[in-house]
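Residue-level structure breakdown
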Amino acid sequence: KWRERRKEYGKKWREENKEYGKKWREENEEQRKEYSRKWREENEEQIKEYRKKYWKESCDEAITRIKTIVEQDPTRYDYKVGEEIYGIIYLVHCKPINKYYVGQTTVGFDNRYPRGFFNDDGHRTKDDLKEDLEKYGEDSFEITEIFKVAHNKEELDDLEVYYIDYFNSYYNGYNETRGNHHAK
């Protein structure tokens, strides 16, 4: 019972102090980012072990599900004109070093990146992608805005996991997780 009371108190306090928290986060954004970056660097091995241990099973299940469907119907996730879709999987490929980023969106690529993939500060902040962009230039990257389509949320999450695994973009690419629904 005390956990419930503590949880309820915390929820109430956060609601009452929402503006204070927002202001504090804005004022300390650089410090928070630096602390987070430093912590991830210092704990990189532990993070990798945690991810391997807790994400592997659910990722493997998603990969198996999609692989089975694709083997039965290879065009199942290809875009067909006029088709009702839930979301898309998009692909960014750095051709000189064969590294990939696999992403998902339900609002369309142009709405997610209104100023373009490389000009959108809010989404692509991964340091090695920025470094490779500076080193090789935008022309060395190929963006496939509609790589595959999904008809519901579970399918979209599973497709993302499947293609992150397929292109090995978590271990040797730009993805920081093995898929969005496995990062939580």
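The present account deals with the structure reproduced in this document. Given the structure is predicted, the values throughout are model-derived calculations rather than measurements.

**Some details on the side chain of Thr-177**
When you line up the elements, Thr-177 lands in the segment after helix H7 (153–166). At 3.2 Å, the side chain of Thr-177 and the backbone nitrogen of Gly-179 are in polar contact.

**So, helix H6 (residues 127–136)**
Listed as buried for H6 are Leu-129, Asp-132 and Leu-133. For H6, the angular spread of buried residues about the axis comes to 105 degrees, placing them on one side. Across H6 from its buried face, at more than 90 degrees, point the exposed residues Glu-131, Glu-134 and Lys-135. Contacts made by the buried residues of H6 are with strand S1 (87–94), strand S2 (99–105) and strand S3 (141–150).

**Digging into the packing of aromatic side chains**
A ring pair, where both rings are aromatic, is described by two values, the distance of the centres and the angle of the planes. The full count for this structure, using the stated rule, is 11 aromatic pairs. Residues Phe-147 and Tyr-163 carry aromatic rings whose centres are separated by 5.0 Å and whose planes lie at 90 degrees to one another, so their mutual orientation is edge-to-face. One end of the pair, Phe-147, is in strand S3; the other, Tyr-163, is in helix H7, with 16 residues separating them in the sequence. Between Tyr-166 and Phe-167, the ring centres sit 5.0 Å apart and the planes meet at 85 degrees, which makes this aromatic pair edge-to-face. Classification of Tyr-166 as exposed rests on a relative accessible area of 54%. The class of Phe-167 is buried, set by a relative accessible area of 15%. An aromatic cluster is defined as three or more aromatic residues linked by ring pairs; in this entry it consists of Tyr-100, Phe-147, Tyr-162, Tyr-163, Tyr-166 and Phe-167. Sitting over the ring of Phe-147, Lys-148 keeps its end group 5.5 Å from the ring centre.

**Let's talk about the sheet that holds S1**
Spatially, 3 strands are ordered S2-S1-S3 in an open sheet, and the strand pairing comes out antiparallel. Bordering the open sheet on either side are S2 and S3, each of which pairs with just one other strand. Sheet twist, expressed as the mean angle between neighbouring strand axes with direction ignored, is 20 degrees. Pairing between S1 and S3: 7 bridges, direction antiparallel. When the bridges of S3 are listed, Leu-91 appears paired with Thr-144. The strands that H7 touches are S1, S2 and S3; relative to S2, the one it contacts most, it runs at about 175 degrees.

Thresholds applied
Residues numbered from 1 in each chain as written. Predicted model: local features only at pLDDT ≥ 70, side-chain atom pairs only at ≥ 80, totals over all residues. Heavy atoms only, no water. Helix = DSSP H or I, 4+ residues; strand = E, 2+ residues; numbered from the N terminus. Polar contact = N/O pair within 3.5 Å; in protein donor to acceptor, adjacent residues only side chain to side chain. Buried < 20%, exposed > 50% of the residue type's maximum accessible area, 1.4 Å probe, protein only. Arc of directions from axis to C-beta. Contact = heavy atoms within 4.5 Å. Phe/Tyr/Trp six-rings, centres within 6.5 Å; stacked < 30°, edge-to-face > 60°. Lys NZ or Arg CZ within 6 Å of the ring centre and 35° of its normal. Pairing = 2+ DSSP bridges. Axes fitted to C-alpha atoms, helices over the stretch in contact; angles between N-to-C directions.

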